[in-house]
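Below, each chain spelled out in residue letters.
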Amino acid sequence: MPSCSLCIKHPNLFGKSEKLDVLWDKGLYDSNVLIAYRKPRPEWLSQQSFSIQHSVSPEIGVHGVPVDNYSRSGSGGVNLCRFSAGLDLSEPASSNWSSKTSVKFEHVRPINDDGRSISRDLHGFPVTCSGGYHDSMVVIKQESRFAKASEHSFTRFNLQIEQGIPLLSKWLIFNRFKFVASKGIRLGPAFLLTSFTGGSIVGDIAPYQAFAIGGLGSVRGYGEGAVGCGRSCVVANTEVTLPLNRTIEGAVFLDCGSDLGSGRYVPGNPALRHGKPGSGVGVGYGLRFKSSLGHFQVDYAVNAFQQRTVYVGFNSIGS
């Protein structure tokens, strides 16, 4: 998909090592502007960063319509215009743990494909929690990371907890958590990677806050959110890679995921209306190419409806 981007960095804004980053990305259907300001700190204090962000993107995971036996998700006519501003505090890493706390104000305004504000989707169901044209909230987010690696294995764990604070009566109040646990083990020349993802949300919820299941990084063989979307989710991934030569690896994988029957608790029940199954399994194989510029990946996946999908991805060095 065609896109363009601009990045401006200032390493010493006021002469005391303050850093200013301005990032702008524009795609065919989405855009993002981020301004971040970071102050220097002693090693024993938290890193402070103030950021302002504005983005517009299609909401496919929840409101997208599955097509081609759930292998793709078409537009449901809902896009999200987001504005956020807040403070990030990154704690100094200790041993294998690191953590970050953020406090942000968020304003979410759904729009249609013509850029007009909407309060309901194409079927007449609300797309916000408030029932109006926008939702506002103050969110406190705590993220903790654990990472440990050796020559033959690694272990990673990430936990995110978000709390919506109702400073005003119409602002959202909720508690949302998500975790990702992964383990990699070398088995002779092969490498086994397993990961498990889960999450849940209680309290006020807008449809766009639901967990979307399906797609690259979730259950391959399905379109984005084509498996389901719910208040809760679990996703398991297993992949085995084997080197074919110095720069190419072959891979086989198995992905599965479920909304644990929570799709009906999302306002308007978009998963049921779009015929999403609520659970799905994808299997396939692929190739991994390593170069000095980055890693190139091709995956061929088959879902439970025997529909085949090819995924192509590229990760630059350091991204």
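Quick caveat: nothing in here was measured; it's all calculated off a predicted structure.

Trainee: Can you lay out the overall build of the protein chain for me, pointing to particular residues and giving the numbers?
Mentor: Of the regular secondary structure elements, the protein chain holds one helix and 19 strands. Against the globule reference of 20 Å for 319 residues, the protein chain gives a C-alpha radius of gyration of 21 Å, in line with a compact fold. Along the first, second and third principal axes, the C-alpha set of the protein chain runs to 55 × 55 × 35 Å. The buried share of the protein chain, reckoned over its 319 residues, is 38%. Taking the intrachain contacts of the protein chain between residues at least 6 apart in sequence as the baseline, contacts between residues at least 24 apart amount to 53%. Carbon and sulfur atoms make up 60% of the accessible area of the protein chain, which amounts to about 17,300 Å² in all. Each charge sign in the protein chain was given a centre, from 32 positive and 24 negative side chains, and these centres are 2 Å apart.

Trainee: Tell me about the pattern of salt bridges, residues and numbers included.
Mentor: Counting across every chain of the model gives twelve salt bridges. Arg273 serves as the salt-bridge partner of Asp121, at 3.0 Å between the closest nitrogen and oxygen. A residue pair is termed long-range when its members are at least 10 positions apart, and Asp121 in the loop between β8 (97-111) and β9 (135-149) and Arg273 in helix α1 (residues 270-273) qualify at 152 residues. Using a relative accessible area of 10% as the deciding quantity, one classes Asp121 as buried. Across the salt bridge formed by Arg176 and Glu162, the nearest N and O atoms sit 3.6 Å from each other. Separated by 14 residues along the polypeptide, Arg176 in strand β11 (residues 174-187) and Glu162 in strand β10 (residues 153-165) bring together distant segments of the chain. Like Arg176, the residue Glu162 is buried in the burial classification. Residues joined in a network through salt bridges with shared partners are Arg220, Glu239, Asp255, Arg288 and Asp299.

Trainee: Would you mind going over the packing of aromatic side chains in detail, with residue names and values included?
Mentor: Evaluation of the coordinates by the stated rule reveals eight aromatic pairs. Considering the side-chain rings of Trp97 and Phe146, the 5.1 Å spacing of their centres and the 50 degrees angle between planes classify their relative orientation as tilted. Placement of the pair is Trp97 in strand β8 and Phe146 in strand β9, with a sequence separation of 49 residues. Accessibility expressed as a relative area gives 42% for Trp97, which makes it partly exposed. An angle of 35 degrees between the planes, with centres 5.9 Å apart, marks the rings of Phe179 and Phe196 as tilted. Here the residue Phe179 occupies a position in strand β11, and Phe196 occupies one in strand β12 (residues 190-203), the gap between them amounting to 17 residues. Overall, the relative accessible area of 39% leaves Phe196 in the partly exposed class. Aromatic ring contacts, followed pair by pair, group Phe157, Phe179 and Phe196 into a single cluster.

Trainee: Outline the nonpolar core, listing residues and values.
Mentor: Residues Met137, Phe174, Tyr208, Ile213, Val219 and Tyr222 are the most contacted members of the largest nonpolar core, which totals 19 residues. If you list the elements that add at least two residues to this core, you get β9, β13 (211-213) and β15 (232-243). With near-sequence residues (within four places) excluded, Tyr222 lies in contact with Tyr70, Ser71, Gly214, Gly215, Val227, Gly280, Val281, Gly282, Asn303, Ala304, Phe305 and Tyr311. With five residues, the next largest nonpolar core counts Val62, Ala210, Val266 and Ala271 among its residues.

Trainee: How would you explain the pairing of strand β17 (residues 279-290) if you had to name every residue and give the values?
Mentor: Examined bridge by bridge, strand β16 (residues 248-258) and β17 share eleven bridges and lie antiparallel to one another. Among the inter-strand pairings, Gly250 is bridged to a residue of β17, identified as Leu287. Bridge count between β17 and strand β18 (residues 294-303): nine bridges; the pairing is antiparallel. Opposite Arg288, over in β18, you have Gln297 as the bridge partner. The loop that links β17 with its antiparallel partner β18 comprises three residues.

Trainee: Can you explain the side chain of Arg220? Please cite residues and give values.
Mentor: Mapped onto the secondary structure, Arg220 falls in the loop between β13 and β14 (228-230). Reaching out from Arg220, the side chain makes a polar contact with the side chain of Asp255 at a distance of 2.7 Å. Leave out the neighbours within four places in its chain, and Arg220 touches Gly215, Glu239, Phe253, Asp255, Gly282, Arg288, Gln297, Asp299, Ala301 and Tyr311.

Trainee: Mind laying out the pairing of β8, listing which residues take part and the relevant values?
Mentor: With twelve bridges joining them, strand β7 (residues 79-90) and β8 adopt antiparallel strand pairing. The residue of β8 that forms the bridge with Gly86 is Lys104. Hairpin connection, β7 to β8: the antiparallel pair is bridged by six residues, and Ser95 has positive phi, about 55 degrees. Pairing of β8 with β9, which is carried by twelve bridges, proceeds in the antiparallel orientation.

About the cut-offs
- Position numbers for residues start from 1 in each chain and track the written sequence from start to end.
- Given that the model is predicted, a residue must reach a pLDDT of at least 70 before its local features are reported, and side-chain atom pairs must reach 80 or more before they are shown or counted; all residues, however, enter totals for whole chains, interfaces and linings.
- Excluding hydrogens and water, the side-chain figures rest on all heavy atoms present in the structure.
- Secondary structure counts use DSSP, requiring at least four H or I residues in a row for a helix and at least two E residues in a row for a strand, with both numbered from the N terminus.
- Here the radius of gyration uses the C-alpha set of atoms, whereas the globule reference equals 2.2 Å times the residue count to the power 0.38.
- Any residue under 20% of the maximum accessible area for its type is buried, any over 50% is exposed, and the rest in between are partly exposed; the area is computed with a 1.4 Å probe on protein chains only.
- Two residues qualify as a contact provided that any one of their heavy atoms is within 4.5 Å of a heavy atom in the partner residue.
- In this description, accessible areas are obtained by the Shrake-Rupley approach with a 1.4 Å probe, and a residue is regarded as covered only by the protein chains that are shown.
- By the counting scheme adopted, Arg and Lys are positive, Glu and Asp are negative, and His together with the chain ends is not counted.
- Lysine's charge is taken at NZ, arginine's at CZ, aspartate's at CG and glutamate's at CD.
- The term salt bridge refers to a side-chain nitrogen of Lys or Arg lying within 4 Å of a carboxyl oxygen of Asp or Glu.
- The pairing test for Phe, Tyr and Trp rings, Trp by its six-membered ring, is centres within 6.5 Å, and the orientation test on the planes gives stacked under 30 degrees, edge-to-face over 60, and tilted for anything in between.
- Throughout this description, the term nonpolar core refers to a set of buried Ala, Val, Leu, Ile, Met, Phe, Trp, Tyr and Cys residues connected via side-chain atoms within 4.5 Å.
- Strands are labelled as partners when DSSP assigns at least two bridges between them.
- Between N or O atoms, a polar contact is any pair within 3.5 Å; within protein, one atom must be a potential hydrogen donor and the other a potential acceptor, and residues adjacent in sequence are included only when both atoms are from side chains.

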